[in-house]
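Here are the chains, one letter per residue:
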Amino acid sequence: MKHDLLGLKELSAEQIKNILSEAADMKKIVVGAKEKKIKNLQGKTVVNLFYENSTRTRLSFELAAKYMSANAANISSSGSSVAKGETLTDTAETINAMGTDILVMRHSMSGAPHMLSKLISASVVNAGDGMNEHPTQALLDMLTMIEHKGHIEGLKVAIIGDIYHSRVVRSNIYGLTKLGAEVTVGGPSTLMPMGIEELGVKVFNNIHEAIVDADVVMGLRIQLERQKKGLFPSVREYFRFFGVDDSRLKLAKPDAIVMHPGPVNRGVELSTTVIDGEKSVITQQVTSGVAVRMAVMDMLIHGGF
Amino acid sequence: MKILIKNGHVIDPANGIDAVTDIFIENGVISEIGEDKDLTGVEMEIIDATGKIVAPGLVDMHVHLREPGQEYKEDIETGTRAAVCGGVTSVACMPNTNPVCDNAAVVSYIKQKAAEAGYANVFPIGAVSKGQEGKILAEMGEMAFAGAVAVSDDGHPVENSGLMRRAMEYSEMFDIVVISHCEDMALGEGDMNEGAVATAMGLRGISRAAEEVMAARDIIVAEAIGGRVHIAHISTKGSVELIRQAKRRGVRVTCETCPHYFALTEEACMGFNTNAKMNPPLRTAEDVAAIKEGLRDGTIDCIVTDHAPHHADEKDCEFGLAKNGIVGLETSLGLGIKCLVNEGVLTMGGLIEKMAVNPSRILGIAKGSLSVGQTADVIIFDPRSKWTVDIKKLHSKGKNSPYDGFELYGKPEYVLVGGEIIINQGELMK
């Protein structure tokens with residue numbers, strides 16, 4: 001039986017803990033080892049199929065594969081048969097037929113990797129599907145939180161920004177609530193999806209209430225084209241009411257950490273002083289990302305989570 | 001050719017008949033109802049309907065037959081064959097074909113193709129506007145004379161309120177009703193019903209307001225000018241309430257719903273099931289309850305399928321890219337029995353009213369009854385007999401049904417269209 005990572009919605013708390021535990025070991029290789037090379041995926045092939053632009057996630061998966069001695073190849077939507085109008089199903093079956101073991105996929109449509117996983121024999125890793133999930137991002141966020149706080153259970157995590165369109169927030173909600181954290185989400189009401197509270201989070205349209213006593217403050221990227229679609233009046237007004245700056249950050253716990261999945265719009269989601277400040281762990285998140293992806297791919301090939 | 005349907009439980013709400021009796025058919029026409037006829041020596045076919053229900057053939061006033069133009073999804077022959085297999089002996093087909101059915105020539109073409117196919121009766125619905133573009137009225141008078149029984153821009157809402165007003169005024173001269181697909185596009189952009197289920201799957205939600213805003217507008221326009229409108233495929237509690245209030249005020253509004261709006265909820269979409277993707281979208285249990293209450297109290301006049309066949313490639317894809325709609329002609333009677341009659345929402349006679357009598361009245365066609373002198377469109381089924389839906393075996397070209405494996409009741413055992421026995425003991429005869 002093959003294993004996939006489609007989302008944290010589908011995983012148990014135990015499985016998430018297992019991944020985080022192996023990721024902590026992998027991180028020692030990423031940051032500590034003299035030579036970043038282990039043999040866990042030797043002879044295996046990882047294909048990154050990215051239908052959306054990505055720098056850090058794609059590079060992170062590619063390095064994770066290479067650190068484990070896998071063969072890694074990348075396909076992006078421009079310059080491939082995707083641009084010629086081939087269906088997702090046909091593209092995936094083609095890649096599958098070339099002997100791929102793990103297909104890492106990013107797609108603009110929610111559920112695309114779920115559909116694909118039923119059709120191909122390679123393990124599918126969801127690297128972001130539409131507005132649904134981005135499970136490895138949430139796992140790397142949780143790994144970073146554990147490194148700083150020692151645990152997830154009982155943490156208060158405030159996630160601020162465009163909740164409606166964010167797959168990062170959904171995966172974090174599933175993962176964090178399963179591990180016992182208290183999650184609050186904050187942002188403009190026009191970027192807040194209906195029924196989000198039924199996922200087990202508290203909702204605030206006032207950033208102060210959302211941030212108060214938080215152990216973790218996470219900003220989410222605001223896509224600037226959302227403003228053109230009329231979902232909020234201006235970037236200036238967004239920052240005035242929802243931007244995380246030094247004074248607002250004082251409402252969080254004194255030892256709070258600040259996170260962001262990147263890339264950050266400086267002065268929109270977070271002020272420059274917050275991004276570069278001592279509470280920021282944004283670059284550590286990036287390192288955690290490689291470790292988490294190594295753990296996930298290793299476990300997929302060797303029996304699952 | 002003479003046919004005697006013996007000893008069946010005849011349900012003919014149009015004539016107030018609900019009794020065990022016989023029906024005698026001569027030359028395709030119902031010639032007598034009753035048991036006292038002396039038939040000694042008459043050569044005829046006898047159908048024993050003991051223990052079964054004998055009812056007028058169903059009339060489905062909202063069907064997409066896809067021809068002309070999209071024969072890869074369905075054509076008039078396969079669509080009407082599927083209809084007959086579901087006990088639907090008359091369909092009214094929507095004009096969103098290619099070319100659009102917005103002129104008399106296309107209306108005549110559809111009627112001719114239907115006659116050649118020889119399954120169900122087909123009543124074309126013309127477009128409200130030329131090309132369904134929502135700008136200029138289509139030639140409704142010519143279409144009505146060619147056989148169109150209603151006008152609709154179904155698939156595309158008539159966004160311009162002034163055009164909707166003109167359509168109601170103009171169509172009335174030819175005694176055809178405007179069927180309104182209610183959807184405010186600016187509120188309706190999305191993949192499924194708005195709420196926690198959509199949010200949890202990262203799908204864009206369609207607000208109930210998208211449907212209700214336009215239903216309210218059409219009611220207000222009809223009320224203001226004394227016009228008449230039929231609201232298509234209502235799916236929300238709010239729409240039911242708007243129409244209930246309008247009917248109390250005497251507004252000339254009628255409406256329809258579909259089996260999926262009382263048989264399924266938005267949760268059918270979970271797992272990114274594209275066979276549960278439709279427009280209007282599946283709603284919540286609260287809406288389902290309101291739809292059933294609307295059917296029970298008479299607010300909702302008709303049950304239609306919105307039969308929308310698609311090619312497999314148009315559903316075996318990303319949820320966001322999948323086409324809206326499901327096939328329904330072969331499952332509507334079964335779902336009506338299972339979800340409405342067996343649950344006590346409607347009597348069997350009430351179900352036949354919603355599925356045969358009322359659509360015929362709204363369209364002004366001589367169907368939906370077993371009156372003496374009427375063309376013999378008759379169905380015979382056993383409402384206690386169970387059958388299991390196998391979508392691979394559907395007669396429609398489209399296999400896009402969310403009901404695979406559902407246990408339903410009352411598959412038609414005999415279907416007569418114009419006195420011709422097309423389904424005989426459950427077997428398709430042509």
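Structure's up top.
Residues numbered from 1 in each chain as written. Chains lettered and ligands numbered in written order. Predicted model: local features only at pLDDT ≥ 70, side-chain atom pairs only at ≥ 80, totals over all residues. Heavy atoms only, no water.

A.B. asks: Mind showing me how you'd approach a negative patch on the surface here?
C.D. replies: A contiguous patch of negative charge on the surface is contributed by D90 and E93 of chain A together with D313 and D316 of chain B. The topology assignment puts D90 of chain A in helix 3 (residues 88-97). The class for D90 of chain A is partly exposed, based on a relative accessible area of 37%. (Patch = residues over 30% accessible without salt bridge, like charges linked within 9 Å, V, L, I, M, F, W, Y side chains within 5 Å. Areas by Shrake-Rupley, 256 points an atom, 1.4 Å probe, with all protein chains shown as cover. Salt bridge = Lys/Arg side-chain N within 4 Å of Asp/Glu carboxyl O. Lys, Arg positive; Asp, Glu negative; His and termini not counted. Charge placed at Lys NZ, Arg CZ, Asp CG, Glu CD. Helix = DSSP H or I, 4+ residues; strand = E, 2+ residues; numbered from the N terminus. Buried < 20%, exposed > 50% of the residue type's maximum accessible area, 1.4 Å probe, protein only.)

A.B. asks: What is the right way to read the layout of surface pockets from this model?
C.D. replies: Think of a ball as big as a water molecule: rolled over the atoms, this probe shows where empty space is left. All names here are of chain B. In this structure, the second largest pocket spans a volume of roughly 820 Å³. Taken together, 37 residues line the second largest pocket, and the ones lying closest to its centre are N96, G155, N279, H310 and N324. Every element with two or more residues in the lining of the second largest pocket is listed here: helix 5 (185-188) and helix 9 (260-263). Of the residues that constitute the lining of the second largest pocket, the class distribution is 9 nonpolar, 18 polar and 10 charged. (1 Å grid on protein atoms, 1.4 Å probe; cavity = no way out; pocket = protein on both sides within 12 Å on 5 of 7 lines; lining within 4 Å. Points joined across faces, edges and corners; volume = space filled by probe spheres on them. Nonpolar A, V, L, I, M, F, W, Y, C, P; charged D, E, K, R; others polar.)

A.B. asks: Just to check I follow, could you spell out the pairing of strand 14 (residues 252-257) of chain B for this structure?
C.D. replies: For a regular strand, side chains alternate in direction, first toward one face of the sheet and then toward the other. Residues and elements named next belong to chain B. With respect to burial, strand 14 is a largely interior element, 5 of its 6 residues being buried. Of the strand pairs in this sheet, strand 13 (residues 228-231) and strand 14 are connected by 4 bridges, and their pairing is parallel. Considered in strand 14, the bridge of V229 is made with V253. Following the backbone out of strand 13, through helix 8 (residues 237-249) and into the adjacent parallel strand 14, one traces a crossover that is right-handed. (Pairing = 2+ DSSP bridges. Right-handed = clockwise from strand over helix to strand, strands pointing away.)

A.B. asks: Any chance you could explain the interface of chain B and chain A here in plain terms?
C.D. replies: Accessible area lost on assembly of the parts is the figure often given for the size of an interface. On the side of chain A, 23 residues touch chain B, which itself brings 19 residues to the contact. Here chain B meets chain A over a buried area of about 1500 Å², counting both sides, of which 59% is carbon and sulfur. It is T199, F272 and E318 of chain B in chain B that bury the most area against chain A; as a group they hold 37% of the surface buried on that side. Seen at the junction of chain B and chain A, the total is 0 salt bridges. The tally of links from chain B across to chain A stands at 7 residue pairs in polar contact (both at pLDDT 80 or more). Here the side of chain B that touches chain A gets 4 residues from one element, more than from any other, and that element is helix 6 (residues 196-201) of chain B. Counted by class, the side of chain B that touches chain A contains 8 nonpolar, 6 polar and 5 charged residues. (Contact = heavy atoms within 4.5 Å. Buried area = accessible area lost by both parts, 1.4 Å probe. Polar contact = N/O pair within 3.5 Å; in protein donor to acceptor, adjacent residues only side chain to side chain.)

A.B. asks: I would appreciate a short explanation of the sheet that holds strand 6 (residues 182-186) of chain A in the present structure.
C.D. replies: Residue and element names in this part refer to chain A. A sheet is described by the order of its strands in space; here 5 strands give the open sequence 7-6-5-8-9, paired in parallel fashion. Strands at the two margins of the open sheet, each flanked by one partner only, are strand 7 (202-204) and strand 9 (257-259). Sheet twist, expressed as the mean angle between neighbouring strand axes with direction ignored, is 20 degrees. Pairing of strand 6 with strand 7 involves 3 bridges; the strand directions are parallel. Residue pairing in the sheet places G186 in a bridge with F204 of strand 7. Where helix 6 (residues 167-178) meets the sheet, it contacts strand 5 (156-160), strand 6 and strand 8 (216-219), and its direction lies at approximately 160 degrees from that of strand 6. (Axes fitted to C-alpha atoms, helices over the stretch in contact; angles between N-to-C directions.)

A.B. asks: What is the right way to read the packing of helix 4 (residues 161-172) of chain B against helix 7 (residues 208-225) of chain B from this model?
C.D. replies: To characterise two packed helices, one gives the angle between the axes of the helices and the distance between these axes. All names here are of chain B. Contact pair helix 4 / helix 7: the axes reach a minimum separation of 10 Å and the direction vectors enclose 50 degrees. Of the possible angle classes, the one that applies to helix 4 and helix 7 is oblique. Here the hand of the crossing between helix 4 and helix 7 comes out right-handed. Seen from helix 4, the contacting residues are S161, M164, R165, M168 and E169; seen from helix 7, they are R217, D218, V221, A222 and I225. For the contact of helix 4 with helix 7, the residue count by class is 5 nonpolar, 1 polar and 4 charged. (Parallel < 35°, antiparallel > 145°, perpendicular 65-115°, else oblique. Left-handed = near helix turned anticlockwise from the far one by under 90°.)

A.B. asks: Before we go on, may I ask you to explain helix 12 (residues 348-363) of chain B in this structure?
C.D. replies: The α-helix winds at 3.6 residues per turn, so residues separated by three or four positions along the chain end up facing the same way. Residues and elements named next belong to chain B. Between its first and last C-alpha atoms helix 12 spans 22 Å; for 16 residues at 1.5 Å apiece the expected length is 22 Å, and the two agree. At K354, helix 12 shows its strongest bend, of approximately 45 degrees. Burial within helix 12 is extensive, with 14 of its 16 residues counted as buried. G364 sits one or two positions beyond helix 12 and adopts a positive phi of about 70 degrees. (Expected span 1.5 Å × (residues − 1). Bend = angle between axes of the 7 residues up to and from the residue.)

A.B. asks: Which parts of the structure should I look at to understand the side chain of T299 of chain B?
C.D. replies: Structurally, the position occupied by T299 of chain B is in the loop between helix 10 (285-297) and strand 15 (302-303). Excluding residues within four positions of it along the chain, T299 of chain B makes contact with V240, I243, R244, K247, C255 and G294 of chain B.

A.B. asks: I keep staring at unusual backbone geometry and nothing clicks. Help me out?
C.D. replies: Apart from glycine, the bulk of residues carry a negative phi angle, and the bulk of peptide bonds sit in the trans form. Between G262 of chain A and P263 of chain A the backbone carries a cis peptide bond, its omega angle lying at -10 degrees. Note on placement: P263 of chain A falls in the loop between strand 9 and helix 11 (272-275). Following N98 of chain B, the chain continues to P99 of chain B via a peptide bond in cis, the omega torsion being 5 degrees. Of note, P99 of chain B is situated in the loop between strand 7 (88-93) and helix 2 (104-117). One non-glycine residue, N7 of chain B, lies in positive phi territory at about 65 degrees. If you trace the backbone, N7 of chain B turns up in strand 1 (residues 2-12). If you check the backbone angles, Q425 of chain B has positive phi at about 50 degrees while not being a glycine. Within the element layout of this structure, Q425 of chain B appears in the loop between strand 20 (420-424) and strand 21 (427-428). With relative accessibility at 62%, the residue Q425 of chain B sits in the exposed group.

Don't take any of this as a statement about function, it's just geometry.
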